[in-house]
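# Reading the structure
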Amino acid sequence: MTMTTAHAHTLDIINLNIALPRGQRLLRNVSLQLEPGEVRALVGESGAGKSMIGKAVLGILPHRIKRTEGEILLEGAHLNVMTPATRRNTVAKMSALIPQDPLTALNPVRKIGPQITDPLTRIHGWSHQRALARARELLDRVHIRAPDRVMHSYPHELSGGMRQRILIAAAFAPSPRLIVADEPTTALDVTVQKQILRLIRELQRETGTAVLFVTHDMGVVAKISQKVTVLFAGRVIEDAATRTVFENPAHPYTQALIAATPTPNVSAEPFQPVPAALITELHRETLAADALYAQRGRR
Amino acid sequence: MADVSTNSPRLILTDTNFRLWLPLFWIGLIAAAALFAPLIAPQDPLAQDLMMERLPPFFMEGSAPGYWLGTDSLGRDVLSRIIYGARIALFVSLIAATTTGIFGSALGLIAGYYGGWADRVISRLVDIWMAFPPVLFAVLLVAVMGTGLGSVIAAIALIDWTRFARVIRAETMVQARMDYVDSARIGGARRAATLVSEILPNVMPSIIALLMLEMGIAVIVEAILSFVNLSISSDDPTWGSMIAEGRGAIHFAWWVLLFPLIALFMTVLSFSTLGEGLKQHFDPVLK
Amino acid sequence: MLLKTVFVRLLTTVITLFGVAVVVFVLVRVAPGNPIAMMLPPGATEKDIAALNAVYGFDKSLAEQFIIWLGGVLHGDFGTSITLRQPVAELVLGRLPATLELSSVALLLALALGGCVAVIGARKRGTGTEVGLDLTSGAVLSVPDFLWGLIFVLVFGVLWPVLSISGRVDPRIDIDFTTNFYIFEGLLRGRLDVVGSTLSHMLMPAMSLALPLAAMIAQLLKQNLKEALTQDYTTLARVRGFSETAVILREALRNAALPTLALVGVQFTFLIGGTVIVERLFAFEGLGNMAIDAVINRDLPLIQGIVLLFAALFTVINLLVDLSYTFLNPRLRHG
């Protein structure tokens, strides 16, 4: 029996709720859709739940998360009703992850080459030659000189920027339908950040991969995404096209976030933190939503 | 080791029970047997009676009343010999472990605190010592010094002092780097006083944990020595000599091997568990 | 740079061995009991004793005897055994293969058993299975090889006598090999009957030696595996589609193995030391068994030769372990 429904969206998240064992919710009724080839930014402060969404889709939520509700459809496939093995396989074949910290995301005792080609040969069933060729092609594409030498190197012999580019190459290698980029520029310095962002944008356009881009930086949002979802305390505050959000933000929280982002071109402005009153209001709304949710659960 | 305390409450009880109370219970039992041997033992451990040889334990056919765990090839009661054997086992292990502990800890403290050539000499000594296979060395030492209780105790101390020396040296070095020692350190004579009054109490928990472990080891080494007939004179019953005998008679009187083996097993296990438990309890690095 | 380290280690090794030689030499000669007297029939005259003493050089001073012995050693002459009347070197090298085979088989068993338990424990981490395995390995660890040997003797000698509990090989088999490596040469020559008999006789002594080490490996390796499994590269591997077991074996194991191997190397020398009593227990014709006889009989040259060989073995193994650790760790290799 096929678990897929003919669907236009690459990713469909419907009413996703994630809670800790005692019931505190980390994600509150999150819904969003991703069109093929679209880059959507997930933005919010620390703890807003933006990473959790990506992890939920990829199936790598922390073990302490006990309760998950809602539906996740990847290219029409209902991930939440699959067996763990099927789900893992489906996710692996159709999506990829660009992690935050390039240092710890590479196995220190394995050479670079196998780390890229192994999934291609073992999981995607490619031949060794095809995998090697693709690895070289992508390493070249991410502007790594001497790809063969790099493939025979160990992670500790390479720079941080290089490692991140390798991870990007590895993520795009099987031409996935969806990539979750979990704050991939946070661990890098500013000059490298711009290169990485541009690289991701270019590759994404070439392969037609949809990207869920997690970040806390509105500046990054502006540079890379077409759509943006703003999160606060696990709730979706605003969800619209990036241009619209920057020109005419609907929600005061979004306005505050944009205002709080330092813009280098504009003359020195006083630092504007998100107003306390706004935060309080948002918390009130969150609590109210929780109460409603608990009520529905009891019936 | 899995952090059991976050699991079901039942398991917490069992974990502590296994690691603390069960071993203490057994050691208490053995100690009682050793202390009150003349009162508890049903028979004379040395009495030979060839009419009663190789009788099986009470739960088998052909056993005799009063000889609960059977008899050996010379008609001696196994249970009584085990009870008396406990005396030697505990006595030897206590004295040997303490001697080893004092000797090894002293060297470890000196090496760790004074450093320099004292440390180098002692460390080299440890290296040389650890190049010897322990059992062979013990056998050799006893052969050199002649059999007897004193030789056995000295042999154990001489082969295993390195265990204490290494650990205590490392701990002393850690302690010596701490502030309170620097402020107390002025001249040479003062230094010795600091070693005893400040550092020693802080490494004492480790010493005690190692002591428990060492007692288990001492019991084993004594058993091995009496197994190869190099322990105390062959008249007094030791678990090791009973095991040696039992090994030879295994096909017709397996109980002569089994019961002293169980006694030895439980005793060693108890000391080990206590020692390991104490070590983990006092070690700030773990977890 | 690597060469310098090796050279320094070799130097310290030689010094250590020298120290061992001195200690042994002094110890055995301080022993009460005159081996010469034990060798001669009762009624031997003073002259006979003195003559035999001269043959073995016991009439000279301690220092002189040591120099003579040392000189001989550097030529490969370790003296002659008093009890067995053969050159010590021959006797020792003759029994060495048996002990080496026993130790190697024990090590392999320990690695296999400990490795499996560690992987299972890591796979089932957080469950009751892991707790159970931890308790078991803790208990197994507390029981020394001597006791395990006795337990096996009881179980397989009495309760369920499927394996034989003494000897190295079935005495009825005719073995005409060039070396004493029964397993190795047996395999080369296709003599599977020899290999089979040797292995079945070796199983219990090897298991006695292996179990405590296996428990140690199980605990340490599992600990290291669990640490590795919290790292980001394992998360990435899971996303890429590898099952938990595959992640453990392909990604985590390589990282966890290195520190474990360092410990195993050291513990291997203790395992070899354990052969002394385990061989005795199972009447296994190896070096350890011969050593005990030598000590009981005060066979000084033989004792010296065996102890020195053990010490040399230990130091060589330690050296090899250190070198291979440096070689296997990619960071150290290039550093």
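Residues numbered from 1 in each chain as written. Chains lettered and ligands numbered in written order. Predicted model: local features only at pLDDT ≥ 70, side-chain atom pairs only at ≥ 80, totals over all residues. Heavy atoms only, no water.

A few words on the overall build of chain B. Helix and strand counts for chain B stand at 10 helices and zero strands. The order of helices and strands in chain B, counted from the N terminus, is α-α-α-α-α-α-α-α-α-α. Going through the 287 residues of chain B one by one, you find that 49% of them count as buried. Of the contacts made within chain B by residues no fewer than 6 positions apart, 70% connect residues no fewer than 24 positions apart. (Helix = DSSP H or I, 4+ residues; strand = E, 2+ residues; numbered from the N terminus. Buried < 20%, exposed > 50% of the residue type's maximum accessible area, 1.4 Å probe, protein only. Contact = heavy atoms within 4.5 Å.)

For the rest of this paragraph, the subject is the side chain of C:Ser142. Examined against the element boundaries, C:Ser142 turns out to sit in helix H6 (residues 128-142). Overall, C:Ser142 belongs to the buried group, its relative accessible area being 11%. Residues within four places of C:Ser142 in sequence aside, it is in contact with B:Val268, B:Leu269 and B:Ser272.

Moving on to the packing of helix H3 (residues 78-114) of chain B against helix H4 (residues 116-130) of chain B. Residue and element names in this part refer to chain B. As a packed pair, H3 and H4 sit with axes 7 Å apart at the nearest point and diverge in direction by 140 degrees. In terms of their interaxial angle, H3 and H4 are classed as oblique. Taken as a pair, H3 and H4 cross one another with a handedness that is left-handed. Residues Leu 107, Ile 110, Ala 111 and Tyr 114 of H3 form the contact with H4, whose participating residues are Gly 116, Ala 118, Asp 119 and Ile 122. (Axes fitted to C-alpha atoms, helices over the stretch in contact; angles between N-to-C directions. Parallel < 35°, antiparallel > 145°, perpendicular 65-115°, else oblique. Left-handed = near helix turned anticlockwise from the far one by under 90°.)

This next bit is on the sheet that holds strand E7 (residues 178-182) of chain A. Residues and elements named next belong to chain A. Pairing within the open sheet is mixed, and its six strands lie in the order E6-E7-E8-E3-E9-E10. Each edge of the open sheet carries a strand with a single partner, namely strand E6 (95-98) and strand E10 (235-241). Averaged over all pairs of adjacent strands, the angle between their axes in this sheet comes to 15 degrees, without regard to strand direction. In this structure, E7 lies alongside strand E8 (residues 210-215), joined through five bridges in parallel fashion. (Pairing = 2+ DSSP bridges.)

Before going further, it helps to examine the interface of chain A and chain C. Of the residues lining the interface, 26 residues belong to chain A; the matching set on chain C comes to 22 residues. At the boundary of chain A with chain C, total buried surface from both sides reaches about 2200 Å², with 60% on carbon and sulfur atoms. The largest per-residue losses of area from chain A upon contact with chain C belong to A:Arg88, A:Val109 and A:Arg110, which jointly make up 24% of the total buried on that side. Put simply, chain A and chain C have two salt bridges between them. The shortest N-O distance in the salt bridge between C:Glu251 and A:Arg110 comes to 2.9 Å. Where chain A meets chain C, there are six residue pairs in polar contact (both at pLDDT 80 or more). Secondary-structure elements contributing two or more residues to the side of chain A that touches chain C are helix H2 (84-94), helix H3 (112-122) and helix H6 (160-172) of chain A. Among the elements that take part in the side of chain A that touches chain C, H3(A) stands out by supplying four residues, more than any other. Within the side of chain A that touches chain C, the residues separate by chemical class into 15 nonpolar, five polar and six charged. (Buried area = accessible area lost by both parts, 1.4 Å probe. Salt bridge = Lys/Arg side-chain N within 4 Å of Asp/Glu carboxyl O. Polar contact = N/O pair within 3.5 Å; in protein donor to acceptor, adjacent residues only side chain to side chain. Nonpolar A, V, L, I, M, F, W, Y, C, P; charged D, E, K, R; others polar.)

What follows concerns the interface of chain B and chain C. Interfaces are often sized by the amount of accessible area the parts lose when they come together. Taken together, the contacts link 39 residues of chain B with 47 residues of chain C. A buried area of about 4000 Å², summed over both sides, lies between chain B and chain C, and 84% of it is on carbon and sulfur atoms. The tally of links from chain B across to chain C stands at zero salt bridges.

All names here are of chain C. Viewed as axis vectors pointing N to C, helix H7 (residues 145-159) and helix H11 (residues 244-281) meet at an angle of 20 degrees, and their least axial separation amounts to 9 Å. Taken together, the axes of H7 and H11 lie roughly parallel to each other. As for the relative orientation of H7 and H11, their crossing is right-handed in sense. Residues Asp 145, Phe 146, Gly 149, Leu 150 and Val 153 of H7 lie in contact with H11, whose contacting residues are Gly 274, Ile 277, Val 278 and Leu 281. The residue inventory of the contact of H7 with H11, partitioned by class, reads six nonpolar, two polar and one charged.

This part takes up helix H5 (residues 134-145) of chain B. Residues and elements named next belong to chain B. With 12 residues, H5 extends 16 Å from end C-alpha to end C-alpha; this agrees with the ideal 16 Å at 1.5 Å per step. For H5, a buried count of 10 out of 12 residues is recorded, marking the element as mostly surrounded by other parts of the structure. Looking at H5, one finds that the buried residues are Val 135, Leu 136, Phe 137, Ala 138, Val 139, Leu 140, Leu 141, Val 142, Ala 143 and Val 144. Just beyond H5, the residue with positive phi is Gly 146, at close to 85 degrees. (Expected span 1.5 Å × (residues − 1).)

In low-pLDDT segments, the atomic positions of the prediction should not be examined closely. Residues and elements named next belong to chain C. Taken over all residues, the pLDDT of chain C has a mean of 84, while the share at 70 or more is 92%. Mean pLDDT values over the elements of chain C span from 61, in helix H2 (residues 35-39), up to 94, in helix H10 (residues 232-239). Two numbers describe this predicted complex: its pTM, 0.84, and its ipTM, 0.88. (pLDDT = per-residue confidence, 0-100.)

Moving on, we get to the nonpolar core. By size, the foremost hydrophobic cluster in this structure holds 155 residues, and its most contacted members are B:Trp239, B:Leu264 and C:Phe146. Setting aside residues up to four positions removed in sequence, B:Trp239 forms contacts with B:Ile30, B:Ile82, B:Gly85, B:Ala86, B:Ala89, B:Val219, B:Pro260, B:Ala263, B:Leu264 and B:Thr267. Core analysis: the next-biggest nonpolar cluster, separate from the first, contains 74 residues, A:Ile116, A:Ala170, A:Ala210 and A:Val211 among them. (Core = buried A, V, L, I, M, F, W, Y, C linked by side-chain atoms within 4.5 Å.)

So, about unusual backbone geometry. Residue and element names in this part refer to chain A. For Glu 75, which is not glycine, the phi torsion reads 50 degrees and is therefore positive. As for its position among the elements, Glu 75 is in the loop between strand E4 (67-74) and strand E5 (77-78). When its relative accessible area of 30% is taken as the criterion, Glu 75 is described as partly exposed. For Glu 183, which is not glycine, the phi torsion reads 45 degrees and is therefore positive. Structurally, Glu 183 can be placed in the loop between E7 and helix H7 (190-207).

Let's shift gears to the environment of B:Ile88. All names here are of chain B. Here Ile 88 shows up in helix H3. The spatial distance from the C-alpha of Ile 88 to the C-alpha of Asp 236 is 8.7 Å, given a sequence separation of 148 residues. In contact with Ile 88, other than residues within four places in its own chain, are Ser 93, Glu 222, Ile 232, Asp 236, Pro 237 and Thr 238.

In this assembly, two pairs of chains are in contact, and the pair with the greatest number of contacts comprises chains B and C. Where chain A comes nearest to chain B, the C-alpha atoms are still 13 Å apart, and the two do not contact one another.

With that settled, the discussion passes to the sheet that holds E4(A). Residues and elements named next belong to chain A. With antiparallel pairing, the four strands of this open sheet are ordered in space as E2-E1-E4-E5. Two strands in the sheet have a free side with no partner beyond their single neighbour: strand E2 (25-34) and E5. Note: strand E1 (residues 11-19) against E2, six bridges, orientation antiparallel. Along E2, the bridge assignment pairs Ile 13 with Leu 32.

Before going further, it helps to examine H10(C). All names here are of chain C. Across the eight residues that make up H10, a large majority, six, are buried. Among all positions in H10, only Tyr 233, Thr 234, Leu 236, Ala 237, Arg 238 and Val 239 are buried. In the segment just after H10, Gly 241 is the residue with positive phi, at about 110 degrees.

Moving on, we get to the packing of aromatic side chains. Between two aromatic rings, the relevant description is the distance of the centres plus the angle of the planes. Tallied over the entire structure, the rule returns 13 aromatic pairs over all chains. Ring plane angle 75 degrees and centroid distance 5.6 Å describe the contact between B:Phe227 and C:Phe146, whose orientation is recorded as edge-to-face. Here C:Phe146 lies in helix H7 and B:Phe227 lies in helix H8 (residues 188-227), a pairing that spans two chains. A residue is classified by how much of its surface remains accessible, and B:Phe227, at 11% relative accessible area, is buried. Its end group placed over the ring of A:Tyr293, A:Arg25 keeps NZ or CZ at 3.8 Å from the ring centre. Its end group placed over the ring of C:Tyr182, C:Arg168 keeps NZ or CZ at 3.8 Å from the ring centre. (Phe/Tyr/Trp six-rings, centres within 6.5 Å; stacked < 30°, edge-to-face > 60°. Lys NZ or Arg CZ within 6 Å of the ring centre and 35° of its normal.)

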